[in-house]
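# Structural characterization, general
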Amino acid sequence: MDTHTHLEDLSNEIFFEIFDYLHAFDIFTGFASLNKRILSLLQSIRLDVIILNSHYDREINFLSSHLTFHADQVISLKCYDTIRNRSSIISLLFNRHHFVNLQSCIFIFDNPSIELENIIKQIQSLNKLVAFFIIQTDYKRINETDNCNITRTILMNKSSSLRSVKLHYEYDYLDISTYTSIASNLISLELLISGSSNTVSVYSILPILRLCRRIRYLHTIIKDEILSQNNNLNISIQEAFINENDLPISSQLICFDLSIFTICDIRSIAYILRCMPNLRHFKFLHGTRTIAHSCADTFVNGYTWEHIFEMCTPFLSKFHFHISFEKNYPKLDLDFVVNSFEYFVKKYPKWHMIIDRWAPENRNTEEIDMLRTFGYQKYKRNVHITIPMIYYERFETRSTNDHYLYFTDTKYLKLEMGEIIPKINSVPLFEHIKYLVVHYYPELYVTFLNPSLDIVNPMQLTEDYVSPEYIPYLSHIVDLLNVNQIKFDPCIYVGQWKDIRFILQACPNVIDLELNPSDLILPEFIDHQSLFTIFKQIKILKSITENSYVPSNFLLKLVERFPSLTDIELQ
């Protein structure tokens, strides 16, 4: 009796479920040439087409040959306009096929085509389209004239089905006030408003609110093209004239996501929030480190935010933010900042925030501050909430709850050796670090025990003194048991090999090691018996530094010491 189940024995329902997990290219590749029954099933399924920039021309031609018979089944399309060996892919598809049942459409341009406007006009005829996104990659720009025409065409689309629009290309929207109307059923809108500080500000949102009366979900990204290249901290804000009696009121707006990459103050944000009396959710990102000196204290003052929300958005139920900036002294009072947000801790369930500060010790220069709410970390946004490096002589952190929770997604950490050694109760601040990079200075510093949450380094030791007591201090920063990859940045510090030995001994699970060839070949290091067990478990070894080499007569010993290697790079 034959107990084997063949692919052809599967029910139609199982095939339909399989197809739900696959994109059109995979479906046609795996199933289109099997038999007539499968071909019949393929005529009755919905198709999702995804074309990535990693695809090749031959794959697009293969996909297009099948879409000739299945274009009316395509309900979603996500397409890069440029693939590995061809451009203008979007134009190619729309010239060959008519996607009459398309519901979701995403165009991603890394090389904007002059035919884009014609494609957009074709999109207007699709009466089932619900969501339409255009995304411009960071390093390419759409022609300014095309920007104007595309924006007008999309926002004035008369389609009754269109609900969501995302226009993520750089445009100042100065002419939006000339639009006669917009898509009447549009409820979700995301715009990147970009230009110089003379043309773009937080107030650029006002004409959009005046036109888009029915919007319920709004995400605006305000970007100053010049400011993103300017690190000047001495910047002032030019006050704009705002007629408070003529503010547009968006009574249906319930969710507002504001990302700022330009100079603004909290007063301008308050004006915008006054236009949204029924707002429920507010997410705020201050994404540029440049901030007017007079604004820093108000941005981090919870009492100010509380007053604004009570006056402008009385129905607000969610408030999440990420705020980072550089400021000159006087330093912020971190305890005051945290305490000022107690109102939100009590009002919103599970609401908490943290503030981190990097600052030189005993020097009157700038500090870097970063505030964020615990809930903000749940959102996939255009900012990475990580701390990729601890530097300067002081790193401080305060939070309204357990501050360790804010670093659970931090897997990579770079430490400047000897600069920052904390004593934070008995639990490391960074418990989930997998990849540790140790950067050196010729001087080594350690700290006195400190019961606070500060990481300081008040004691300087001589260059030829390396204390194994450094490791207990290091373990208060990083849970060394979780580290499986370590890189020791090369330097001229002659005692570096000793530090490497101490740190490796404290990291028993390391399997990936990168270090300077001059340290690797030292007999004091390679022949140190306490390291033999660690060497035997190393699987990946990299030792490449300019003007430093591993001699060929060292290779036999290297193989003996590292018998488990699967990947190796030597110079």
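Residues numbered from 1 in each chain as written. Predicted model: local features only at pLDDT ≥ 70, side-chain atom pairs only at ≥ 80, totals over all residues. Heavy atoms only, no water.

### Considerations on empty space enclosed by the protein
The cut-off we apply is this: With a 1 Å grid spanning the protein atoms alone, the term cavity applies to any set of points in which a 1.4 Å probe fits but cannot get out, the term pocket to an open set with protein on both sides within 12 Å along at least five of seven lines, and the term lining residue to any residue with an atom within 4 Å of a point. Grid points are joined across faces, edges and corners, and a volume is the space filled by probe spheres set on the points.
One pass over the structure, following the stated rule, counts 1 cavity of 30 Å³ or more. Computed from the structure, the largest cavity encloses a volume of approximately 40 Å³. What lines the largest cavity is simply Ile 120, Ile 123, Leu 129, Phe 132, Ile 154, Asn 157 and Leu 162.

### Quick notes on the environment of Val 437
Here is the rule: Under the DSSP-based scheme used, a helix requires at least four consecutive residues in state H or I and a strand at least two consecutive residues in state E, with every element numbered from the N terminus. Whether two residues are in contact is decided by their heavy atoms: any pair within 4.5 Å suffices.
Looking at the element boundaries, Val 437 is found in strand E17 (residues 435-439). Distance in space between the C-alpha atoms of Val 437 and Gln 485 is 8.5 Å, their sequence separation being 48 residues. If we skip the residues at most four places from it in the chain, Val 437 touches Tyr 412, Leu 413, Lys 414, Leu 415, Lys 487 and Asp 489.

### Quick notes on unusual backbone geometry
Short version of the rule: Buried residues are those whose accessible area, probed at 1.4 Å on protein chains only, stays under 20% of the maximum for their type, while exposed residues exceed 50% and partly exposed ones sit between those limits.
Unlike most non-glycine residues, Ser 88 shows phi in positive territory, near 55 degrees. Looking at the secondary structure, you find Ser 88 in the loop between strand E2 (74-80) and helix H5 (89-96). One non-glycine residue, Lys 350, lies in the positive phi region at around 60 degrees. You can see Lys 350 is positioned in the loop between helix H13 (342-347) and strand E11 (353-359). Residue class for Lys 350 comes out exposed when judged on its relative accessible area of 77%.

### Comments concerning the packing of aromatic side chains
Two measures describe an aromatic ring pair: the distance that separates the ring centres and the angle between the ring planes. Definition in use: Two rings from Phe, Tyr or Trp (for Trp, the six-membered ring) form a pair when their centres are within 6.5 Å of each other. A pair whose planes differ by under 30 degrees is stacked, one over 60 is edge-to-face, and the rest are tilted. Put simply, a charge is over a ring when the Lys NZ or the Arg CZ is close to the ring centre, within 6 Å, and near the line of the ring normal, within 35 degrees.
Per the stated rule, a full pass over the model turns up 35 aromatic pairs. Ring centres 4.7 Å apart and planes at 75 degrees place the aromatic pair Phe 309 and Phe 319 in the edge-to-face group. Highlighted residues: Phe 309 in helix H11 (residues 302-312) and Phe 319 in strand E10 (residues 318-327), separated in sequence by 10 residues. Ring geometry for Phe 319 against Trp 351: centres 6.5 Å apart, planes inclined by 15 degrees, an arrangement best described as stacked. Residue Phe 319 is located in strand E10, and its partner Trp 351 is located in the loop between H13 and E11; the two are separated by 32 residues in the primary sequence. The exposure classification of Phe 319 matches that of Trp 351, with both residues buried. Its end group placed over the ring of Tyr 56, Arg 58 keeps NZ or CZ at 4.8 Å from the ring centre. Sitting over the ring of Phe 133, Lys 166 keeps its end group 6.0 Å from the ring centre.

### Examining the nonpolar core
For the record, the criterion: Nine residue types can take part in a nonpolar core, namely buried Ala, Val, Leu, Ile, Met, Phe, Trp, Tyr and Cys, and a core is a set of them joined through side-chain atoms within 4.5 Å. Domain start and stop points were drawn from an automatic or database domain assignment.
Phe 107, Phe 282 and Trp 305 are the most contacted members of the largest nonpolar core, which has 113 residues in total. With 6 residues, the top contributor of residues to this core is helix H9 (residues 266-274). Both domain 1 (46-170) and domain 2 (189-226 + 247-371 + 382-393) contribute no fewer than three residues apiece to this core. With residues near it in sequence (within four places) discarded, Phe 107 still touches Leu 77, Cys 79, Ile 90, Phe 94, Leu 116, Ile 119, Ile 120, Ile 123, Phe 132, Phe 133, Ile 134 and Ile 135.

### Quick word on the packing of helix H2 (residues 24-31) against helix H4 (residues 57-70)
For clarity, the threshold we go by: Here the axes come from fitting lines to C-alpha atoms, over the contacting stretch only for helices, and the angles between their N-to-C directions go from 0 to 180 degrees. An angle counts as roughly parallel when it lies under 35 degrees, as roughly antiparallel when it exceeds 145, as roughly perpendicular when it falls between 65 and 115, and as oblique in every other case. Residue polarity is assigned by list, with Asp, Glu, Lys and Arg as charged and Ala, Val, Leu, Ile, Met, Phe, Trp, Tyr, Cys and Pro as nonpolar; anything else, Gly included, falls into the polar class.
Contact geometry for H2 and H4: axes closest at 10 Å, N-to-C directions at 85 degrees. Relative to H4, the element H2 lies roughly perpendicular. Of the residues in H4, those touching H2 at Ala 24, Phe 25, Phe 28 and Thr 29 are Glu 59, Phe 62, Leu 63, His 66, Leu 67 and His 70. Its residues assigned to classes, the contact of H2 with H4 shows 6 nonpolar, 3 polar and 1 charged.

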